[in-house]
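# Breakdown of the fold
Letter by letter, the chains look like this.
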Amino acid sequence: TLDTPIHTINALTVDPHGLLYGTATYLDQSVLFVFDAKKQAFIHSMSLPVGQPLDGGLQTGPDGMIYGFTSSCFYQLNPSDLSITPLVEQTEAFQMAGPMMGDAVFFSKKHEVKKLVGW
């Protein structure tokens with residue numbers, strides 16, 4: 001668990017069981033954390049895949065999985081076992097995280113709106 005202060009929280013989302021998931025800058029690393037709002041306590045933290053976490057870069061998908069963006073990775077977090085699976089990795093490909101719509105997830109890079117399909 002986190003035992004020193006987080007510098008910046010970039011994103012928050014909630015799972016179907018009411019736990020909060022967030023990404024943050026912590027010391028010199030990027031982390032994903034789980035926060036129990038009832039206990040007011042961080043209960044788990046782990047390193048993120050490659051890249052910096054994006055502001056607003058977490059969301060709960062319709063399948064109950066947590067999806068997230070770093071500047072170089074779109075990934076899936078399984079809330080039941082806290083495993084992270086990178087789905088798309090590309091160096092500095094993502095600048096602004098966007099919503100999931102159907103079988104696609106949108107994002108932007110500079111002035112372009114882009115989408116990932118079938119990850």
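Everything below is about the structure printed above this text.
This section reports on the structure supplied with the text.

## Concerning the overall build of the protein
- Each helix and strand counted, the protein has zero helices and 11 strands in total.
- Taking 14 Å as the expected radius of gyration for a compact globule of 119 residues, we find that the protein reaches 14 Å, a close match to that expectation.
- Its C-alpha atoms put the protein at 40 × 30 × 20 Å along the principal axes.
- Expressed as a percentage of the 119 residues in the protein, the buried residues total 45%.
- When contacts within the protein are restricted to residue pairs at least 6 apart in sequence, long-range pairs at least 24 apart make up 32% of them.

## Some words on the sheet that holds strand 2 (residues 20–26)
- Reading across from one edge, 1-2-3-4 is the order of the four strands in this open sheet, with antiparallel pairing throughout. Strands at the two margins of the open sheet, each flanked by one partner only, are strand 1 (8–14) and strand 4 (41–47). Strand-to-strand twist across the sheet, computed as the mean angle between neighbouring axes with direction ignored, equals 25 degrees.

## Observations concerning the sheet that holds strand 8 (residues 83–89)
- The antiparallel open sheet is built from four strands, whose spatial order is 5-6-7-8. At either margin of the open sheet sits one strand with a lone partner, and together these are strand 5 (53–60) and strand 8. Ignoring which end each strand starts from, the neighbouring axes of this sheet average 20 degrees apart.
- Pairing of strand 5 with strand 6 (residues 66–70), which is carried by four bridges, proceeds in the antiparallel orientation. Pairing of Gln59 across the sheet is with Tyr67, part of strand 6.

## Here we look at the pairing of strand 9 (residues 96–101)
- Sheet analysis places strand 9 next to strand 10 (residues 104–109), joined by four bridges and oriented antiparallel. If you follow Met96 over to strand 10, its bridge partner there is Ser108.
- Between strand 9 and the antiparallel strand that follows it, strand 10, lie two residues; Gly102 among them carries a positive phi value of about 65 degrees.

Reading the values: the criteria
Residues numbered from 1 in each chain as written. Predicted model: local features only at pLDDT ≥ 70, side-chain atom pairs only at ≥ 80, totals over all residues. Heavy atoms only, no water. Helix = DSSP H or I, 4+ residues; strand = E, 2+ residues; numbered from the N terminus. Rg over C-alpha atoms; globule rule 2.2 N^0.38 Å. Buried < 20%, exposed > 50% of the residue type's maximum accessible area, 1.4 Å probe, protein only. Contact = heavy atoms within 4.5 Å. Pairing = 2+ DSSP bridges. Axes fitted to C-alpha atoms, helices over the stretch in contact; angles between N-to-C directions.

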